[in-house]
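Spelled out from the first residue to the last, the chains are:
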Amino acid sequence: MTASTEAGRRAMSIAHERLTRGATLRVGLTIAAAGAALAIAACGAPNDSGGGGSKGTLNVGTLFPTSGTVAASGTDMLHGWQLWWKLNGSTVAGRKIVSRQEDTAGDPTVTLSKARKLVQQSQSKIVVGPLLANEGYALAGYLKQNSGVVGLNPVASSDDLSQRKRVSNYVRAGGWQSSTPAQPAGDWAADQGWKRVITLCNDYAFGYENCGGFTNTFTDRGGKVIKQLYAPLGTSDYSSYLSQIDPKKVDGVFVETVGADSPNFLKAWSDLGLKGKVPLIANETTTEQSLLRNVKNSDPVGLETFGHFAEGRQSPATQKFVDAFRKAYGQMPSYYACATYTAGQWLTTALKQLKGDISDPKKLVATLNAVKLKDSCFGPLSLDRYGGSVGNVYLRKVVRNERGDLVNQVVKTYPNVSQFWHYNPQQFLAQPVYSRQYQGANWPPR
Amino acid sequence: MTISGRGRSAGAAPAGWAGRARWIALAAVVVVLAALPYLVSSFAVNLATQALVFGLFALSINVLAGYGGMISLGQAGLLGVAGYALAILSTRHGWPLGAAIAGALVLCILAAAFFGLLLVRARGTYFVMITLAQGMVVWGIAQRWQELTGGENGITGVPKPAFAQEYWEYYYLALVVVAVCTLLIARLVRSPLGLSLKGIREAEDRLAPLGYDVARHKLLSFTIAGFFAGVAGVLLAMYNSFIGPSDVFFLTSAEGLLMSILGGVGTLAGAFVGAGIVIFIEQEVSSWLARWQTLLGVVFVLVVLFAPDGIVGAWTRYAWAPLLRRLGARDAARAAETATSAASASVVTGDGAGTARLGAPVPDADDEPRTTRREEAASP
């Protein structure tokens, strides 16, 4: 390298004396480029080997968004993950688990670059996260190209990550599909004798998949979705949407909201006098704990929702988690915390089976896919052969408990709900993914 | 200093150490950039790749703002047109990568020309507002037109060229492409078009009576700058194998502007220095400093307060130009010429050489505190 540099310099100084300046620029750059190319050819590829292997510390990278618009939920993810290792010890099968957290800021591009950082700089062979669907797709794309790295996906819930765009080394450990809890909701609505329903969802993929799951199973049971309303993310005033709901013409309303929109929706629902007048069923995130714990009024009390997590579930696995979380962080855990806590449980189970040897990523993936949790804070969990999460779905009701917390209490449990509901997986996958244009209405055809 | 004078200054440096200094500096930069993958970790190489790509993007903003006085807040839209076109053509329609890149760049040029047509009569705040709106239109399409752009989820699986699959191979690809683009831009700003751009910045009203077609010049320069933003978009989409709405959002444009202001508006090297700093804080510092955004803000405020012409501007003014003066004085003494005339001549050279490491002139060096540094220049 030094030799070529010197040669380049000498050549440049000769050229410098002989030629005019414009030509010198060109000659100089050509020589420098040629020198650089020679140097690269001489040195070969840069060395970049990393650990993993079968012994010693095991680096796990976490990609949770602790800043940006979803920072509150992302912090819950971090807390849930840390809590698992705190309660269960960070040494598994003789290997010390060292976690390294990187903030994705809720941005897919940042997620990609942080994933690269965790893999290349921190030598992580396992990465956990992220939160948003678009971050999840971005990470899935990265993992597809880097089959030596294994991803755990406890939160990003896009249906297609375990349906049409599955990436085999990205495992839904403690994860879920957006439409899965909405499918029993549609079935339940038909059970209630509802015939005409209006749906209100957010105008992006998560909303389409929630409303799609509901519409699919509800119309399959003979129900009619008479209107589908879509509100953009960040809607602060829901009155223009709710004013389109005529109490006399509908039997019920299915709603999906996320983040700060949820309290806004609940307030408008009460203020416009629809509460108690029109039956309402909502999705997981509408009464999700990272929102409920900040609600001081009683707008959500009595609201029934469908979700895969219920912090009020009376089971040792759930209550142990909820109590430990409350003790550690002074508040009720959201499903985000339960998800990463479960991902820790999932990884621990797999590592024990492998006796800590993760030198073969394919074997690690196969073991992760075969994990069956008898009980977790979600309830029993496993993966189907498409990589979709199979677990309980709860019909939940918001109540105020003796401590004054608003809590999702279990009303009814739907055990072992598959991402395909009762349908044949192959037929189901022949549909396009739920979107604004395709909601699975009147499918399957009769 | 007049425009023609500055144009000459870049082309007529004296021999001797003052003249050699810029070649040594340039060679050092080239050698360091070429050897980088062997010197630093793979993650640092990735950061450098991103700094190059965003540096090129910032440069496309910088050329418009620094040379033409046109501040665009919609440049990320053009980056997005190219990035999305590449992603759609290559992943959905099965175009071979080369054809998809060409198609993406052609579409980007057309979009830039179309946007430019809407801009030719706008100035100042109105120009900024219209570019902002244009950028938001592209973002809106990226975010909401799900069938075309994948909506919120963006498009994954954008291929990389077969010869640039590894991180360090892609780094060299980006380095070569960005270097070629920078040389083209360096030529451009010295061309008659570049000079009339400066004229537009200084006195748009006076150029028209002199026979310049101001509208055409604006349109042409906006389209050319848009093309380079498009090249950055293509590099970015291939690098991440992904393009999404947040890449196209106006914050990306604002970040590009921030990069150029940090580095120095109207300098070529500044865009890359600014991009390097922003990328470093965003991706490295953020790992151990939760309030990295605050740090970015503080750095920005400090630069604007104490180095209004950016880091590269300050470097030129306080370190590089004095060094060249000193070297120039030594050369002059050796050549036994009259000391004063030689020193001032080399000062003229120093401005252009220091700021633009790839040989471009600096428009904003007029207020250099030359006289206050005379004593230093005289000392050996």
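Residues numbered from 1 in each chain as written. Chains lettered and ligands numbered in written order. Predicted model: local features only at pLDDT ≥ 70, side-chain atom pairs only at ≥ 80, totals over all residues.

Asker: Describe the overall build of chain B, naming the residues involved and giving the relevant values.
Answerer: Each helix and strand counted, chain B has 17 helices and 2 strands in total. Evaluated residue by residue, chain B yields a buried proportion of 53% over its 380 residues. The contacts of chain B with a sequence gap of at least 6 include a subset with a gap of at least 24, amounting to 76%. (Helix = DSSP H or I, 4+ residues; strand = E, 2+ residues; numbered from the N terminus. Buried ≥ 20, exposed ≤ 12 C-beta atoms within 10 Å, placed from the backbone. Contact = placed C-beta atoms within 7 Å.)

Asker: Go over the domain arrangement of chain A, please, and point to the residues and values.
Answerer: All names here are of chain A. If you check the domain split of chain A, you get domain 1 (2-43), domain 2 (58-177 + 316-391) and domain 3 (182-312 + 393-429). On a C-alpha basis, the centroid separation for the pair domain 2 and domain 3 is 26 Å. Contacts between the two partners involve 26 residues from domain 2 and, on the opposite side, 20 residues from domain 3. Of all the secondary-structure elements, those providing two or more residues to the side of domain 2 that touches domain 3 are helix H3 (71-88), helix H11 (316-329), helix H12 (335-353) and strand E13 (389-400). Considered class by class, the residues forming the side of domain 2 that touches domain 3 number 12 nonpolar, 10 polar and 4 charged. (Domains from an automatic or database assignment. Nonpolar A, V, L, I, M, F, W, Y, C, P; charged D, E, K, R; others polar.)

Asker: I'd love a proper account of the packing of helix H5 (residues 97-119) of chain B against helix H10 (residues 214-240) of chain B, names of residues and values included.
Answerer: All names here are of chain B. Two elements in contact, H5 and H10, have axes separated by 8 Å at closest approach and are oriented at 145°. Taken as a pair, H5 and H10 cross one another with a handedness that is right-handed. Residue-level inspection shows Ile101, Ala104, Leu105, Cys108, Ile109, Ala112, Ala113, Gly116, Leu117 and Leu119 of H5 in contact with H10, the latter providing Lys218, Leu219, Phe222, Thr223, Gly226, Phe227, Gly230, Val231, Gly233 and Val234. Residues belonging to the contact of H5 with H10 are distributed by class as follows: 14 nonpolar, 5 polar and 1 charged. (Axes fitted to C-alpha atoms, helices over the stretch in contact; angles between N-to-C directions. Left-handed = near helix turned anticlockwise from the far one by under 90°.)

Asker: Give a detailed account of helix H6 (residues 182-191) of chain A, specifying residues and quantitative values.
Answerer: All names here are of chain A. Within H6, 8 of the 10 residues are buried, which leaves the element mostly enclosed by the surrounding structure. Considered for burial, the residues of H6 that qualify are Ala182, Gln183, Pro184, Ala185, Gly186, Asp187, Trp188 and Ala189. Positive backbone phi, approximately 85°, marks Gly193, located one or two places after H6.

Asker: Summarise the sheet that holds strand E3 (residues 95-102) of chain A; cite the residues concerned and give the values.
Answerer: All names here are of chain A. Spatial ordering of the open sheet is given by E2-E3-E1-E4-E5-E6, a layout of 6 strands whose pairing is mixed. Looking at strand neighbours, the two that pair on one side only are strand E2 (91-92) and strand E6 (170-171), the edges of this open sheet. Pairing between strand E4 (residues 126-128) and strand E5 (residues 150-152): 3 bridges, direction parallel. Residue Ile126 lies in a different strand from E5, and its bridge partner there is Val150. (Pairing = 2+ DSSP bridges.)

Asker: How would you summarise the confidence of the model for chain A if you had to cite specific residues and measurements?
Answerer: All names here are of chain A. Looking at chain A, pLDDT values average 88 and 88% of them are 70 or higher. In the model of chain A, helix H1 (residues 2-18) stands out as the element of lowest mean pLDDT, 48, in contrast to strand E9 (residues 252-255), which has the highest, 97. For residues 1-5, every residue scores under 50 in pLDDT, and the model assigns this stretch 7 contacts once sequence neighbours within four places are set aside. Across residues 14-22, confidence stays below pLDDT 50; counting only partners more than four residues off in sequence or on other chains, it has 10 contacts. (pLDDT = per-residue confidence, 0-100.)

Asker: Break down the packing of H5 of chain B against helix H6 (residues 124-144) of chain B for me, citing the residues and quoting the values.
Answerer: Residues and elements named next belong to chain B. Interhelical geometry of H5 versus H6 gives an angle of 145° and a closest axis separation of 10 Å. Once H5 is placed against H6, the crossing between them reads as right-handed. Contacts from Phe115, Leu118 and Leu119 of H5 reach H6 at Phe127, Ile130, Thr131 and Gln134.

Asker: Got a sec to walk through the pairing of strand E8 (residues 224-231) of chain A? Specific residues and values, please.
Answerer: Sheet topology places strand E7 (residues 196-202) of chain A next to E8 of chain A; 7 bridges connect them, and they run parallel. Paired with Val197 of chain A across the bridge in E8 of chain A is Val225 of chain A.

Asker: Give me the confidence of the model for chain B: which residues, what numbers.
Answerer: Of all residues in chain B, 84% attain a pLDDT of 70 or more, and the chain-wide mean is 80. Note that residues 1-13 of chain B has pLDDT below 50 and, in this model, 23 contacts with residues that lie over four places away or in other chains.

Asker: Quick rundown of unusual backbone geometry? Include the residues and the values.
Answerer: Here the bond from Gly129 of chain A into Pro130 of chain A is cis, since omega is -15°, no more than 30 degrees from zero. With respect to the helices and strands, the residue Pro130 of chain A is situated in the loop between E4 and helix H5 (133-145). Notably, Gln123 of chain A is not glycine yet its phi reads approximately 55°, a positive angle. On the basis of neighbour count, Gln123 of chain A is assigned to the partly exposed category, with 17 C-beta atoms found within 10 Å. If you check the backbone angles, Ser241 of chain B has positive phi at about 55° while not being a glycine. Checked against the element boundaries, Ser241 of chain B lands in the loop between H10 and strand E2 (242-243). The class of Ser241 of chain B is buried, set by 20 C-beta atoms lying within 10 Å.

Asker: So what's going on with the nonpolar core? Residues and values would help.
Answerer: Core analysis: the biggest nonpolar cluster contains 202 residues, and Val53, Leu56, Leu86, Phe228 and Ala232 of chain B have the highest contact counts within it. Other than its neighbours up to four places away in sequence, Leu86 of chain B contacts Ala100, Ile101, Ala104, Val158, Val234 and Ala237 of chain B. (Core = buried A, V, L, I, M, F, W, Y, C linked by C-beta atoms within 7 Å.)

Asker: Lay out the pairing of E3 of chain A in plain terms, naming residues and giving numbers.
Answerer: Residue and element names in this part refer to chain A. Alignment of strand E1 (residues 58-63) against E3, held across 6 bridges, turns out to be parallel. Each bridged residue has a counterpart across the sheet, and for Gly61 the counterpart in E3 is Arg100. The sheet contact formed by E2 and E3 spans 2 bridges and is antiparallel. Its bridge partner being in E3, Thr91 is matched across the sheet by Lys96. Between E2 and E3, which pair antiparallel one after the other, the connecting turn spans 2 residues, and Ala93 there sits at a positive phi close to 50°.

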